[in-house]
Amino acid sequence: MIALNILYPAKKGAYFDSGYYFDRHMPRVVQKLSRSLRGMTLAQGLNRARPGSRPYYYAVCELLFDSSDADQAGLPAPEGALGEDPGNYTN
């Protein structure tokens, strides 16, 4: 099993539209990778160490594939259908 982890750091000056990410972007990802994707976890950042402080990450996504070949075969090219979508939810 191969895991591809995508982390969105909550850096000063960064923004992250979690509604768009979870409701629109991730369903597109699942659709595009449906032949090779075996599982996925999504987590929205929470910082329990200091209430009210910014989390370390806005979101973390883990995509699971049977092998690295399946991972590469299923991922769209950066200039493909999802390549420009990140600009809709993060900078």
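To be clear, the structure that these remarks concern was listed above.
So, here's what we can say about the structure.

Looking now at the overall build of the protein chain. The helix and strand inventory of the protein chain stands at two helices and three strands. Counting from the amino terminus, helix and strand elements in the protein chain follow one another as β-α-β-β-α. Here the protein chain holds 91 residues, and 29% of them are scored as buried. Accessible surface, the protein chain as shown: approximately 6100 Å² in total, 51% of it carbon and sulfur.

Our next topic: the packing of aromatic side chains. Within the structure shown, the criterion is met by nine aromatic pairs. Ring plane angle 45° and centroid distance 5.2 Å describe the contact between Y8 and F16, whose orientation is recorded as tilted. A relative accessible area of 14% places F16 in the buried class. One aromatic cluster is present, formed by Y8, F16, Y20, Y21, F22, Y58 and Y89 through successive ring pairs.

This brings us to the sheet that holds strand 3 (residues 57-65). With respect to topology, three strands assemble into an open sheet ordered 1-3-2, the strand pairing being antiparallel. Two strands lie at the open edges of the sheet, namely strand 1 (2-9) and strand 2 (37-44), each paired on one side alone. Within this sheet the neighbouring strands show an average axis-to-axis angle of 10°, counted without direction. Pairing between strand 1 and strand 3: eight bridges, direction antiparallel. Residue pairing across strands places N5 opposite E62, the latter belonging to strand 3. Of the strands in this sheet, strand 1, strand 2 and strand 3 are in contact with helix 1 (residues 18-32), which crosses strand 2 at around 175°.

With that settled, consider the nonpolar core. By size, the foremost hydrophobic cluster in this structure holds 15 residues, and its most contacted members are Y8, F16, Y21, M26, L33, L63 and Y89. Contributing elements (two or more residues each) for this core: helix 1 and strand 3. Counting residues per element, this core draws most heavily on strand 3, which supplies five residues.

Taking 1.5 Å of rise per residue, 15 residues should cover 21 Å, and helix 1 covers 20 Å from first to last C-alpha, within 8% of that figure. The largest bend along helix 1 measures about 35° and falls at H25, with the proline P27 one to four residues further on. What helix 1 keeps buried is the set Y20, Y21, H25, M26 and V29. Sitting at the head of helix 1, D17 places a side-chain oxygen 3.2 Å from the backbone nitrogen of G19.

Cut-off values and rules
- Residues numbered from 1 in each chain as written.
- Predicted model: local features only at pLDDT ≥ 70, side-chain atom pairs only at ≥ 80, totals over all residues.
- Heavy atoms only, no water.
- Helix = DSSP H or I, 4+ residues; strand = E, 2+ residues; numbered from the N terminus.
- Buried < 20%, exposed > 50% of the residue type's maximum accessible area, 1.4 Å probe, protein only.
- Areas by Shrake-Rupley, 256 points an atom, 1.4 Å probe, with all protein chains shown as cover.
- Phe/Tyr/Trp six-rings, centres within 6.5 Å; stacked < 30°, edge-to-face > 60°.
- Pairing = 2+ DSSP bridges.
- Axes fitted to C-alpha atoms, helices over the stretch in contact; angles between N-to-C directions.
- Contact = heavy atoms within 4.5 Å.
- Core = buried A, V, L, I, M, F, W, Y, C linked by side-chain atoms within 4.5 Å.
- Expected span 1.5 Å × (residues − 1).
- Bend = angle between axes of the 7 residues up to and from the residue.
- Polar contact = N/O pair within 3.5 Å; in protein donor to acceptor, adjacent residues only side chain to side chain.

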